[in-house]
Amino acid sequence: MKTYDIEIQKLKSARHAHGLIELGVDILVQPRSAKAEQSVTSRLSLEADDARTLLILLKPQIAELDK
């Protein structure tokens, strides 16, 4: 299994269409070597301000799904 470090550099948009939540983002994706002490998963990292923005963008989208 290939693993990656994924860094969100900028959140641009979020929308809900046809049962999917689609995010517009600028990201940096780099291959990650799986070391014995690390789990074999990809890692997503973003700044605290971007995390707040993501939450703000996702709240209305998730509310639409709960209707």
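Just so it is clear, the structure is predicted and the values come from calculations on it, not from any experiment. (Residues numbered from 1 in each chain as written. Predicted model: local features only at pLDDT ≥ 70, side-chain atom pairs only at ≥ 80, totals over all residues. Heavy atoms only, no water.)

A.B. asks: So what exactly am I meant to see when it comes to the environment of Ser-13 here?
C.D. replies: With respect to the secondary-structure elements, Ser-13 resides in strand E1 (residues 3-17). With 11 residues separating them along the chain, Ser-13 and Gly-24 place their C-alpha atoms 4.7 Å apart. With residues near it in sequence (within four places) discarded, Ser-13 still touches Glu-22, Leu-23, Gly-24 and Leu-57. (Helix = DSSP H or I, 4+ residues; strand = E, 2+ residues; numbered from the N terminus. Contact = heavy atoms within 4.5 Å.)

A.B. asks: Can you walk me through a nonpolar patch on the surface in this structure?
C.D. replies: Taken together, the side chains of Ile-21, Leu-23, Ile-62 and Leu-65 make up a nonpolar region of the molecular surface, amounting to roughly 310 Å² of accessible area. Elements that contribute at least two residues to the nonpolar patch include exactly strand E2 (20-32) and helix H1 (48-65). Looking at where Leu-23 falls in the secondary structure, it is placed in strand E2. Classification of Leu-23 by relative accessible area gives partly exposed; the value is 37%. (Patch = residues over 30% accessible without salt bridge, like charges linked within 9 Å, V, L, I, M, F, W, Y side chains within 5 Å. Areas by Shrake-Rupley, 256 points an atom, 1.4 Å probe, with all protein chains shown as cover. Salt bridge = Lys/Arg side-chain N within 4 Å of Asp/Glu carboxyl O. Buried < 20%, exposed > 50% of the residue type's maximum accessible area, 1.4 Å probe, protein only.)

A.B. asks: It is not clear to me how the pairing of E1 should be interpreted in this structure. Could you clarify?
C.D. replies: The side chains of a regular strand alternate, residue by residue, between the two faces of the sheet. With 13 bridges connecting them, E1 and E2 associate as antiparallel partners. Looking across to E2, one finds that His-16 is bridged to Ile-21. Here E1 runs beside strand E3 (residues 43-45); their pairing, made up of 3 bridges, is parallel. Considered in E3, the bridge of Glu-7 is made with Ser-45. (Pairing = 2+ DSSP bridges.)

A.B. asks: Where do I start with the pattern of salt bridges in this structure?
C.D. replies: In a structure, side chains of opposite charge can pair up when their charged atoms sit close to one another. With the rule as written, the count across this model stands at 2 salt bridges. In this structure, Asp-26 engages Lys-12 in a salt bridge whose closest nitrogen and oxygen atoms are separated by 3.2 Å. Of this pair, Asp-26 sits in strand E2 while Lys-12 is found in strand E1, placing the two residues 14 residues apart along the sequence. Between Arg-52 and Asp-49 there is a salt bridge, and its shortest N-O distance comes to 3.0 Å.

A.B. asks: Is there a simple way to think about the environment of Lys-2 in this case?
C.D. replies: Considering the arrangement of structural elements, one finds Lys-2 in the segment before E1. Between the C-alpha atom of Lys-2 and that of Ser-33, which follows or precedes it by 31 residues, the distance is 8.2 Å.

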